[in-house]
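# Report on the structure
What follows is the residue order along each chain.
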Amino acid sequence: MTKIRFFCGARQRRLLPLIVCACSVFPAASRSVLAQAASQEEVVITAEELPSVPSAYGAPPTFSRSRFSNAVNAYVLPPWAFFFGELFEGQGFRHGPPDYLFTQEIEMGLPYRFNVAAETQFERFNGGGGAQTVSLEARWALADWNKIPLNPTLFAEYKFGVGTIRHEEVPPPPGAGGEEEEEEEGGPPKVPDAYEFRLLLAQEFAGRFEWAMNWFFEKENTGDRGREWGFSQAVMTPVLLPNERLKVGLEMEYKNVTTKDTRGDPLNSFVLGPTLAWKPTAQTRLDISPLFGCTHDSPVADVFVAFSWLFGGERAEAEAPVSSRFRYYTDASYSRSGKDSGKEMKQVAYVPPCPEWYGDREWNVNLWGTYTFTNTEFAPNPSLIDIVQSTSEGGPVLGTYDRYIGGDHAWGGGGDVKYFFCRYAGVGVEGFALDASKPGFDIFEDQSVPILIKQRLNHNHTVGAVLGTLTLRYPIPCTRLAPYAWAGVGAIFGGGERDQLHTQGPPDAFAVNAQTQHFGSETKFLTQFGAGVEFRFARHVGWTNDLSFGVIDGPRNNFGMFRSGLNFAF
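### A short note on the overall build of the chain
When you go through the chain residue by residue, the secondary structure sums to two helices and 26 strands. Within the chain, the fraction of its 570 residues that count as buried is 46%. The contacts in the chain between residues at least 6 apart in sequence include a share of 64% that link residues at least 24 apart. Accessible surface computed for the chain: about 28800 Å², of which carbon and sulfur atoms make up 62%.

Laid out in structure tokens, this is it:
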């Protein structure tokens, strides 16, 4: 027993160093494993998703909206982005009634820093109003953002005059507007076509101040060949609200205006005032700029209010704030010792698949309201005695007027049904009705009685049309937008009423026999074509806007039509 105990004690003494080493190694290994487990603890990072807004070629979103402010444009749109704008301008003069201008514009971004746009302008002045111009625009940026100082962009525009001149561009002289002025022979003059060029400059300074400036030159092709040049500029900075939803700044505009007879004595207009831009959402913006005249030739006040909407295009990080655009970080902290790691990690957003807003085959039912404008305007106040006198002399003074629709504009509505047999093309039937009105006269003069009856008339009538149509559209991938173009042929009826005076006798208004012959409505062949864009609120409901032109059988019968309505897809 003693020997056994001795052997066991010796073995234990030999194993004791190994046991001691194991006892010292296992705690160290355990601490190493625990430390490794702690270092590999999963970190969950959360951050609020920020709204995204379009950005063009690396430009801040403010410079990617077509309009930098009410009177200033800047840079270009992202490729395949669409900009819609509704602009109101009210001018108050030192003498005479105010002038109100309403402008609608749609612009589309193209690759390689190109943009194309269309614009219509309506005027309300001294109790009258109607369409003034239809414009086509194009612009091109010389380089991507910040590749060239001030980011120069070239702008060209051609304006088609479609209305009549209700007052000159310069403020009316004292006494104008309060009394009726004598109309020129043949009715009021037509708005001339004109072209315009601009140089657009834009830059961001100190990561907070945004500035843009336009130099422009405009020239009328006919009439008094008015010429206008000058500049407009604005500077803005974000305040108060997060994500740059509210900006304030200063805006100004200078114009030098002359005609062919006043080149050496120009009128100089300079307006200056605050400007404010508020973004209810990431895609919409409301701009307000009350500008005040600083020279004798300037309006007393020139107030701008604009609402704009931007869709599609490249996407960049949210506009919030200027100094941190395109950089969204969040802190990930962990520590078993009470210390933060202080590391910054970039947020990566999940991009869901694009929804399909337009079907490969679908029926469309579209209901819309319309405003129609004509190429010419009936002289509003022709002298009936002058009509008799000039007719007896072989040259009737009846003014220029549209021979089918009637006056210078008409309101109405309509609808169409289309079937798209593929995503990009469809056929359909369209119909519309217009509440039209044409001034006229009734004259009867008989020297044998003698008697002279003269009376002004107003031919109120409804003009309708039915057409078969072909529509081509392009639903832009991953957007709710689909630009489209369409054309149709059919018949138009209910218009064309006219009055014709027959005279017999000497060329003397008070010694001639005269009688008016009235002609009723007539049906004509109509061709119509136009282009527009649809925006889908939902898969089966959309909003359409387009501009079209109708051709009947001559320039005095043709008309333009602006339509806006709701489209239901099935």
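### Observations regarding the pattern of salt bridges
The tally for this structure, following the rule as stated, stands at 19 salt bridges. In this structure, the salt-bridge partner of R285 is D287, at a minimum N-O distance of 3.0 Å. Pair check on accessibility: R285 and D287 agree, each one buried. The shortest N-O distance in the salt bridge between R423 and D360 comes to 3.0 Å. Pair noted here: R423 is in the loop between β18 (409-422) and β19 (425-446) and D360 is in the loop between β16 (343-346) and β17 (362-374), with a separation of 63 residues, a long-range link. With a relative accessible area of 17%, R423 lands in the buried category. The structure contains a network of salt bridges with shared partners spanning E157, K159, E196, R198 and E218.

### Comments concerning the environment of S390
Looking at the element boundaries, S390 is found in helix α2 (residues 384-392). In this structure S390 comes out as buried when scored by relative accessible area, which is 7%. Spatially, the C-alpha atoms of S390 and P507 are 8.1 Å apart, while their sequence positions differ by 117 residues.

### Some details on the confidence of the model for the chain
The predicted model of the chain averages 78 in pLDDT, with 77% of residues at 70 or higher. Between residues 1-51, whose pLDDT stays under 50, and residues either more than four places distant or in other chains, the model counts 21 contacts. Per-residue pLDDT stays below 50 along residues 171-186; that stretch engages in 19 contacts with residues further than four places along the chain or on separate chains.

### What to know about the packing of aromatic side chains
The final tally for this structure, using the stated rule, is 20 aromatic pairs. Relative to Y254, the ring of W229 has its centre 5.8 Å away and its plane inclined at 70 degrees; by these criteria the two rings are edge-to-face. One end of the pair, W229, is in strand β9 (residues 227-238); the other, Y254, is in strand β10 (residues 246-258), with 25 residues separating them in the sequence. When its relative accessible area of 37% is taken as the criterion, W229 is described as partly exposed. In this structure, R473 packs its charged tip against the face of F420, placed 3.8 Å from the ring centre. One cation-aromatic arrangement involves R563 over W368; the distance from NZ or CZ to the ring centre is 4.4 Å.

About the criteria used
- Residues numbered from 1 in each chain as written.
- Predicted model: local features only at pLDDT ≥ 70, side-chain atom pairs only at ≥ 80, totals over all residues.
- Heavy atoms only, no water.
- Helix = DSSP H or I, 4+ residues; strand = E, 2+ residues; numbered from the N terminus.
- Buried < 20%, exposed > 50% of the residue type's maximum accessible area, 1.4 Å probe, protein only.
- Contact = heavy atoms within 4.5 Å.
- Areas by Shrake-Rupley, 256 points an atom, 1.4 Å probe, with all protein chains shown as cover.
- Salt bridge = Lys/Arg side-chain N within 4 Å of Asp/Glu carboxyl O.
- pLDDT = per-residue confidence, 0-100.
- Phe/Tyr/Trp six-rings, centres within 6.5 Å; stacked < 30°, edge-to-face > 60°.
- Lys NZ or Arg CZ within 6 Å of the ring centre and 35° of its normal.

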